[in-house]
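Now for the letters of each chain:
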Protein chains: 4
Amino acid sequence: MRQKPFGLLFTILLMLPLAGFAQFPGMGHIVYKTMPSSILGQEREYAIYLPKNYDTHTAKRYPVLYLLHGGGGSHTDWPEQGLLQGVANQLIDSNEACEMIIVCPEAGKNFMNYFNSPEWRYEDYFFQELIPYIDSNYRTISNKQNRAIAGLSMGGGGTVAYAFRHPEMFCAAYPMSGYFSRNESLAWVNFDDPVQGKVHQLVEDNNCVKLVLNSTPAQVDAMKTVRWFIDCGDDDFCYDINIDFVAALREKGVPYELRIRDGGHTWIYWNTALYYALPFVTRAFTN
Amino acid sequence: MRQKPFGLLFTILLMLPLAGFAQFPGMGHIVYKTMPSSILGQEREYAIYLPKNYDTHTAKRYPVLYLLHGGGGSHTDWPEQGLLQGVANQLIDSNEACEMIIVCPEAGKNFMNYFNSPEWRYEDYFFQELIPYIDSNYRTISNKQNRAIAGLSMGGGGTVAYAFRHPEMFCAAYPMSGYFSRNESLAWVNFDDPVQGKVHQLVEDNNCVKLVLNSTPAQVDAMKTVRWFIDCGDDDFCYDINIDFVAALREKGVPYELRIRDGGHTWIYWNTALYYALPFVTRAFTN
Amino acid sequence: MRQKPFGLLFTILLMLPLAGFAQFPGMGHIVYKTMPSSILGQEREYAIYLPKNYDTHTAKRYPVLYLLHGGGGSHTDWPEQGLLQGVANQLIDSNEACEMIIVCPEAGKNFMNYFNSPEWRYEDYFFQELIPYIDSNYRTISNKQNRAIAGLSMGGGGTVAYAFRHPEMFCAAYPMSGYFSRNESLAWVNFDDPVQGKVHQLVEDNNCVKLVLNSTPAQVDAMKTVRWFIDCGDDDFCYDINIDFVAALREKGVPYELRIRDGGHTWIYWNTALYYALPFVTRAFTN
Amino acid sequence: MRQKPFGLLFTILLMLPLAGFAQFPGMGHIVYKTMPSSILGQEREYAIYLPKNYDTHTAKRYPVLYLLHGGGGSHTDWPEQGLLQGVANQLIDSNEACEMIIVCPEAGKNFMNYFNSPEWRYEDYFFQELIPYIDSNYRTISNKQNRAIAGLSMGGGGTVAYAFRHPEMFCAAYPMSGYFSRNESLAWVNFDDPVQGKVHQLVEDNNCVKLVLNSTPAQVDAMKTVRWFIDCGDDDFCYDINIDFVAALREKGVPYELRIRDGGHTWIYWNTALYYALPFVTRAFTN
């Protein structure tokens, strides 16, 4: 049996379309970019999904979903492990999701968190720099009714805390497998380690259950202007805190959707969550 | 804002479990391996999924699914793009699939096909070397009732042709988006190129519709001992040939399941097909 | 063991809510009504689903779905066998379907068909009397972009034929298990019987495959203004004609969604079709 | 327009098959029956689903599912409102459920409960008379590994209490929307009414959360021999008690599956639950 080298062109031509990799002209696709941040003192990375014909339909504006990764993750997680582009393209092609821009920020490479600390004012960056930058550099519809937020694990905590503190910014919030409070039973975390301890302390400082339970009537009213969808697996180590979070919503009378599906704290769960999340935010968008 | 390097250990500890990457002891997992092939005159790669506790339950034997990649793909496709490990682990954890071994062969790097040609006797390799090797080196249950085959695109063609010619080997066959015959309308294929032309000629030589339509009564009876499940998207360029294949099964009276779901010739489609395929072969296995 | 009669009130109070029958004030519900028809020379029955708070939100207008029963059926089929009220209420409560009016006409008690014959001008009744009557007597949004049609079996044929001949009237058409042409292999039909022969002749006169294949370019353009969704089971005796219908749409370049799901020509299939159909027409409605 | 009477035969011939009503020979079907009960001092009704070819495959024995109605309901509920026959036939035809016998007892017409009281020893009837009667009069496989139980609302409570007290009898238990304890917030219940008060007192006496929390280690071990699946809607008034029940299972270390799906305390929820429950008990059966 001889080995026969053959041309790169052939390999690409045959492989790409059959393997589903192809970037057809005008197809919805993800690009990796950076933006400057003076708050964080560095270039920040992000991934952005631009829907089909974004480049040619230059008069069209789109709603935006901010889609957050988990603790220790990065902006490449949703594209690479969550199969984001494929799911978005398919749901948009069948109209189950509307054409939208999806932004995956990068919050994981330093202090790994979505919350402000003196040396890492990520939440300030998110609202003061990232959202304005996206609204300036992409054809978004820049208002509450066309902006939503979703995220997994620590990014689920970010989703809730951001939508809670800025209900004027988002019409919908979809936390997946939300890590809503410090969970000291996690065997793989060394809570005595200064860095790890700090990350989890920030999570605890933004305990989402307490945010809701301690909210003022005005905050509760504001929460009711956001559509909430809580999604957590029956085998997830975050199950209990998600149930507590739902109990807090119930106590405060905030409407929500809840799904407990099969699964754990895994990419399979988050990949399949997209099939619910993108249609959910689509129904919340008005445009 | 200062950049503070921190330890790799912390990064790994925090990142892996939260991001869903972790290999917990005993967890179902995929390993990449090679095996010798004298038929092909080279080491051949494969990926193999071993179910939970495979290493410790050393007296237990398992059914096997052979899961084929598409044209131009490789044995890493199902693990990396199809999210195979995660889907298998979840479905097995909830008993929707039984514990099974899943073998992803590598057929794409040379003449890119599952069929015999003088210089690339892949089908001979598959039946004379690969299956015996797997049965010798892993704790399979080595019989028809515990062996199934599935595959996408060209691997869907391989699935059908293999199960058609060796119905004594498989209890179930699940072609996804099957590329069952040469499709001369594919703009990205240069059918005049010697290599490409040859690959597609081999597909045509194994035209699955003709295999069924030209089958003898004995072959039809043998086909009825295999459970067939045809799965193809409504936007797939292989839609017509899949419909023709079903028509051939109908003409011959061979029972089958058919699903036309939303989607095209994409990894999203094949990833979601696993949620149907693994339970389907589970129901076909007896053990 | 003694038999103890106890009050009707208790029975009703306990039974209804627990059994899910209750009509809570403002809940979406179905009512059975009649309307006069001078074309048909008689009162015609219909069922109508009115969404939640229809009676109190008296300034609100709604899109309308016409939902057709099958041959030999009646306007009570969708409510009683298709679980229409429950599905509509649930999908609307979770916003997967918008608030809409759903009209189930009655076409089955005489010549059992949706098509005009000299003594039973049902199609004339539908367009000249029923739609205007509904638009006059209920708070519909009376235009193409807020009117859709769906139906099962012979009602799937009605769905296609009506949307084909009146594309200016409907934004979406969803035939389920469409009986699109006379199927002479149906063992239970006596095609020599004058009445049965006539019914099936009318179906054949309105053969949906031929309607599409014989359409003019202007008709094709008009078809493209309607969103089409074809839904048929893999075990349905109408499978082949549905595939032929899709082939006709493909030949003419009319976009469509197609799903082949598990099942036959059964109420289970049509009940589950509602979970696809109501969101589909919702996405087509603009209001 | 003249009214023309036409033959009953034609109506039946055309209507039944198209409307999906037909009882084809050998098709899985439901029959309504009665059996004597000396414990209850009366004939008791039940509905029984017999799978396809039950009457002709006279040597074959089948696993059995007991499927309980809700408070105030009857044995006709699952057939008439839950579309039981259609769902069972479809899932069995595609092998997603195995051929099984399904028994729907009648517990609702007197004291409306599954639990023993001095004048209505229903639980005694169930275990001492009903199960033996079914095992004697139908070709069941009469052992734990081939017997399962499921039910809705009060029947969900019966499901849990029966499987808890008789874990030697069932391999699987699937409560839907379980009414596991007296819920005094139910506005439509008059808890001061002697009859209603008694029914709900019996529920409280069999509080499923307390059963689990108060169980002995031996009882916990026995519970682990049953596969548990808890299914409750996110809008169900029984949501909280179902969450409490799951918390009790977690506290005791009893494995379970949990799904919180969209919906309330409705027949839509229970109808769709069958698509999960029948495959779940199938996976638990060994035969």
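Source: prediction; values computed, not measured.

About the cut-offs
- Residues numbered from 1 in each chain as written.
- Chains lettered and ligands numbered in written order.
- Predicted model: local features only at pLDDT ≥ 70, side-chain atom pairs only at ≥ 80, totals over all residues.
- Heavy atoms only, no water.
- Helix = DSSP H or I, 4+ residues; strand = E, 2+ residues; numbered from the N terminus.
- Rg over C-alpha atoms; globule rule 2.2 N^0.38 Å.
- Buried < 20%, exposed > 50% of the residue type's maximum accessible area, 1.4 Å probe, protein only.
- Areas by Shrake-Rupley, 256 points an atom, 1.4 Å probe, with all protein chains shown as cover.
- Lys, Arg positive; Asp, Glu negative; His and termini not counted.
- Charge placed at Lys NZ, Arg CZ, Asp CG, Glu CD.
- Salt bridge = Lys/Arg side-chain N within 4 Å of Asp/Glu carboxyl O.
- Pairing = 2+ DSSP bridges.
- Right-handed = clockwise from strand over helix to strand, strands pointing away.
- Contact = heavy atoms within 4.5 Å.
- Buried area = accessible area lost by both parts, 1.4 Å probe.
- Least-squares fit on C-alpha atoms with pLDDT ≥ 70 in both.
- Expected span 1.5 Å × (residues − 1).
- Phe/Tyr/Trp six-rings, centres within 6.5 Å; stacked < 30°, edge-to-face > 60°.
- Lys NZ or Arg CZ within 6 Å of the ring centre and 35° of its normal.
- pLDDT = per-residue confidence, 0-100.
- Axes fitted to C-alpha atoms, helices over the stretch in contact; angles between N-to-C directions.
- Parallel < 35°, antiparallel > 145°, perpendicular 65-115°, else oblique.
- Left-handed = near helix turned anticlockwise from the far one by under 90°.
- Nonpolar A, V, L, I, M, F, W, Y, C, P; charged D, E, K, R; others polar.
- Polar contact = N/O pair within 3.5 Å; in protein donor to acceptor, adjacent residues only side chain to side chain.

Draft legend 1. Here's a closer look at the overall build of chain A. Each helix and strand counted, chain A has 10 helices and 10 strands in total. Taken against the 2.2 N^0.38 rule, which gives 19 Å for 287 residues, the C-alpha radius of gyration of chain A at 20 Å falls within 12% of a compact globule. Buried residues in chain A amount to 65% of all 287 residues. Surface accessibility of chain A: about 9900 Å² in total, with carbon and sulfur atoms responsible for 54%. Taken as two groups, the 23 positive and 30 negative side-chain charges of chain A have centres that lie 7 Å from each other.

Draft legend 2. Structural view of the pattern of salt bridges. Residues and elements named next belong to chain C. Across all of its chains, the model carries 60 salt bridges over all chains by this definition. Salt-bridge contacts for Asp93 lead to Lys52; the nearest nitrogen and oxygen are separated by 3.2 Å. Residue Asp93 is found in helix α3 (residues 84–93), and its partner Lys52 is found in the loop between β2 (42–50) and β3 (64–68); the two are separated by 41 residues along the sequence. According to the relative accessible area criterion, Asp93 is partly exposed, its value standing at 46%. Looking at Lys52, the relative accessible area reads 25%, which means it is partly exposed.

Draft legend 3. Summary view of the environment of Val199(A). Residue and element names in this part refer to chain A. Topologically, Val199 is positioned in helix α6 (residues 194–205). For Val199, a relative accessible area of 1% translates into the label buried. Along the primary structure Val199 and Pro79 are separated by 120 residues, whereas in three dimensions their C-alpha atoms are 25 Å apart.

Draft legend 4. Up close: the pairing of strand β7 (residues 147–152) of chain B. Residues and elements named next belong to chain B. Taken across its six residues, β7 has six buried, putting it largely inside the fold. Here β7 shows two buried faces, one formed by Arg147, Ile149 and Gly151 and the other by Ala148, Ala150 and Leu152. Across five bridges, strand β3 (residues 64–68) lies against β7 in parallel orientation. Paired with Val64 across the two strands is Arg147, which belongs to β7. Sheet analysis places β7 next to strand β8 (residues 172–176), joined by five bridges and oriented parallel. Paired with Ile149 across the two strands is Ala173, which belongs to β8. Between the parallel pair β7 and β8, the chain is carried across by helix α5 (residues 154–165), and the sense of this crossover is right-handed.

Draft legend 5. How the structure looks around the interface of chain B and chain D. Between chain B and chain D, the contact holds eight residues from the first and eight residues from the second. Note on chain B versus chain D: buried area summed over both sides is about 620 Å², and carbon and sulfur give 37% of it. The interface formed by chain B and chain D holds two salt bridges in total. For Glu96(D), the salt bridge goes to Arg259(B), with nearest N and O atoms at 3.9 Å.

Draft legend 6. Inspection of unusual backbone geometry at higher detail. Residues and elements named next belong to chain D. Its identity as a non-glycine residue notwithstanding, Ser153 has a phi of 55 degrees, on the positive side. As for its position among the elements, Ser153 is in the loop between β7 (147–152) and α5 (154–165). On the basis of relative accessible area, Ser153 is assigned to the buried category, the value being 0%. Not every positive phi belongs to a glycine, and Ser177 is a case in point at roughly 50 degrees.

Draft legend 7. Here's a closer look at the relation of the copies chain B and chain D. Between chain B and chain D, which share one sequence, the superposing operator has a rotation angle of 180 degrees and an axial displacement of 0.0 Å; the RMSD is 0.0 Å. Such a turn and shift between the copies fits a two-fold axis. When C-alpha distances to the rotation axis are compared across chain B, the minimum falls at Arg283(B), with a value of 4.6 Å. Most of the interface of chain B is mirrored in chain D, where 100% of its interface residues again form contacts.

Draft legend 8. Representation of helix α5 (residues 154–165) of chain C in the model. For α5(C), built from 12 residues, the straight-helix expectation of 16 Å at 1.5 Å per residue is met to within 8% by its first-to-last C-alpha distance of 16 Å. Buried residues of α5(C): Met154(C), Gly155(C), Gly156(C), Gly157(C), Gly158(C), Thr159(C), Val160(C), Ala161(C), Tyr162(C), Ala163(C) and Phe164(C), and no others.

Draft legend 9. A look at the packing of aromatic side chains. Residues and elements named next belong to chain A. Counted according to the given criterion, the structure contains 80 aromatic pairs over all chains. Taken together, the aromatic side chains of Tyr66, Tyr114, Trp120, Tyr122, Tyr125, Phe126, Phe127, Tyr162 and Phe170 make up a single cluster linked through ring pairs. Between Arg261 and the ring centre of Tyr269, over which it is positioned, the NZ or CZ distance is 4.0 Å.

Draft legend 10. Structural view of helix α10 (residues 267–284) of chain C. Between its terminal C-alpha atoms α10(C) stretches 25 Å, which fits the 26 Å expected from 18 residues at 1.5 Å a residue. With 16 of 18 residues buried, α10(C) lies mostly within the body of the structure.

Draft legend 11. Here's a closer look at the confidence of the model for chain A. Residue and element names in this part refer to chain A. Mean pLDDT over chain A works out to 91, with 90% of the residues at or above the 70 mark. Contacts for the low-pLDDT stretch residues 1–22, under 50 throughout, to residues beyond four places or in other chains number 49 contacts. In the predicted assembly, ipTM is 0.91 and pTM is 0.93.

Draft legend 12. Spatial organisation of the environment of Thr159(D). All names here are of chain D. Mapping Thr159 onto the fold places it in helix α5. Distance in space between the C-alpha atoms of Thr159 and Ile243 is 16 Å, their sequence separation being 84 residues. Aside from chain neighbours lying at most four places away, what touches Thr159 is Leu68, Ile149, Ala150, Gly151, Ala173, Tyr174 and Pro175.

Draft legend 13. Inspection of the packing of α10(C) against helix α10 (residues 267–284) of chain D at higher detail. Look at α10(C) against α10(D): their axes get within 12 Å of each other, and the N-to-C directions meet at 110 degrees. Classified by the angle their axes make, α10(C) and α10(D) are roughly perpendicular. Judged by the twist between their axes, the crossing of α10(C) over α10(D) is left-handed. Seen from α10(C), the contacting residues are Ile268(C), Asn271(C), Thr272(C) and Tyr275(C); seen from α10(D), they are Ile268(D), Asn271(D), Thr272(D) and Tyr275(D). Of the residues belonging to the contact of α10(C) with α10(D), the class tally is four nonpolar, four polar and no charged.

Draft legend 14. Highlighting the environment of Tyr269(A). Residue and element names in this part refer to chain A. The topology assignment puts Tyr269 in helix α10 (residues 267–284). Judged by its relative accessible area of 0%, Tyr269 falls in the buried class. Between the C-alpha atom of Tyr269 and that of Ser37, which follows or precedes it by 232 residues, the distance is 32 Å. Sequence-distant contacts of Tyr269, defined by excluding residues within four places in its chain, comprise Ser177, Asp231, Cys232, Gly233, Arg259, Ile260, Arg261, Asp262, Gly263 and Gly264. Of note is the side chain of Tyr269, whose polar atom sits 2.5 Å from the side chain of Asp231.

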